[in-house]
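A structural walkthrough
Given next are the chains, with one letter for each unit.
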Amino acid sequence: MVDELAGKPNKTSPSAAEPLVAVIMGSDSDLPVLRPGLQILEKLQIPFTTRITSAHRTPDWLREFSKEAASSSLRVIIGAAGGAAHLPGMCASWTTLPVIGCPVKATHLDGVDSLYSMTQMPRGEPVATVGINNSTNAALLAVRILGASDLEVRERLRMWMAGNEKEVLRKDKVLLE
Ligand code: RP5
């Protein structure tokens, strides 16, 4: 699956000289779950980077990445992992940037293990956790964080939400026909 990453929104998205969001994951097997979120970031023109930073297979790399993140262009980190998903929690302990956890359904426990690993972070190092496999909400939360200090991003998000509203109302009318 690593080949699939090549030339895709891996490393840095095409429009992104300076990524604002990092989407880090425990394994390339998490990538399919992350695709919808990456598409949202692309649609809303948020420069992002994707990296594989396994907490247990490449702990030194995760530490290095997390420690350097705040002094780079990055403003938000999305951390996705399955199983005993300590990736975003460990990342949060090494950075002051906001960390969003995206639990991945990867084991016989259907992602509940990952959800609890992220949402049950002990006090001190928060991980803002979204629903299991919900990379869409992880991306949208990242956009909202960026939008809090960027009017243009906020406006793009507002238009995206207005588009959703229009679409649901259109479907509602279709049901009546
Ligand atoms: C976690 O273990 C990864 O985030 C992934 O969700 C899960 C399985 O990883 P692979 O065995 O597919 O690499 O670390």
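In case you missed it, the structure is sitting above this.
As a starting point, this report considers the structure included with it. (Residues numbered from 1 in each chain as written. Predicted model: local features only at pLDDT ≥ 70, side-chain atom pairs only at ≥ 80, totals over all residues.)

1. Points about the overall build of the protein
When you go through the protein residue by residue, the secondary structure sums to seven helices and six strands. Each helix (α) and strand (β) of the protein, taken in turn from the N terminus, gives the series α-β-β-α-β-α-β-α-β-α-β-α-α. Against the globule reference of 16 Å for 177 residues, the protein gives a C-alpha radius of gyration of 17 Å, in line with a compact fold. Projected onto its principal axes, the C-alpha positions of the protein cover 55 × 40 × 40 Å. (Helix = DSSP H or I, 4+ residues; strand = E, 2+ residues; numbered from the N terminus. Rg over C-alpha atoms; globule rule 2.2 N^0.38 Å.)

2. Considering the nonpolar core
Membership of the largest hydrophobic core comes to 46 residues, with the highest contact counts inside it found for Val 21, Val 23, Ile 77, Ile 78, Ala 80, Ile 100 and Ala 142. Those elements giving two or more residues to this core turn out to be strand S2 (21-25), helix H2 (31-43), helix H3 (59-69), strand S4 (76-82), helix H4 (87-94), strand S5 (99-104), helix H5 (112-119) and helix H6 (135-147). It is H6 that contributes the most residues to this core, seven residues altogether. (Core = buried A, V, L, I, M, F, W, Y, C linked by C-beta atoms within 7 Å. Buried ≥ 20, exposed ≤ 12 C-beta atoms within 10 Å, placed from the backbone.)

3. Notes on the site of the ligand
Neighbouring the ligand are Met 25, Gly 26, Ser 27, Ser 29, Asp 30, Ser 54, Ala 81, Gly 82, Gly 83, Val 104 and Ala 106. The class makeup of the residues in the shell around the ligand is four nonpolar, six polar and one charged. (Near = placed C-beta within 6 Å. Nonpolar A, V, L, I, M, F, W, Y, C, P; charged D, E, K, R; others polar.)

4. Here we look at unusual backbone geometry
One non-glycine residue, Gln 45, lies in positive phi territory at about 55°. Classification of Gln 45 as partly exposed rests on a count of 13 C-beta atoms within 10 Å. Residue Asn 133 is not a glycine yet carries a positive backbone phi of 65°. Along the polypeptide, Asn 133 turns up in the loop between strand S6 (128-129) and H6.

5. Notes on H5
Residues of H5 that are buried include every one of Ser 114, Leu 115, Ser 117 and Met 118, and no others. In an axial view of H5, the angular spread of the buried residues amounts to 165°, which keeps them on one side of the axis. Elements in contact with the buried residues of H5: S4, H4, S5 and S6. (Arc of directions from axis to C-beta. Contact = placed C-beta atoms within 7 Å.)

6. Comments concerning the packing of H2 against H6
The relative placement of two packed helices comes down to the angle between their axes together with the axis-to-axis distance. Look at H2 against H6: their axes get within 7 Å of each other, and the N-to-C directions meet at 30°. Classified by the interaxial angle, the pair formed by H2 and H6 is roughly parallel. Two packed elements cross with a definite hand, and for H2 against H6 that hand is right-handed. On H6, the residues touching Val 33, Leu 34, Pro 36, Gly 37, Ile 40 and Leu 41 of H2 are Ser 135, Thr 136, Ala 138, Ala 139 and Leu 140. A class-by-class count of the residues in the contact of H2 with H6 yields eight nonpolar, three polar and no charged. (Axes fitted to C-alpha atoms, helices over the stretch in contact; angles between N-to-C directions. Parallel < 35°, antiparallel > 145°, perpendicular 65-115°, else oblique. Left-handed = near helix turned anticlockwise from the far one by under 90°.)

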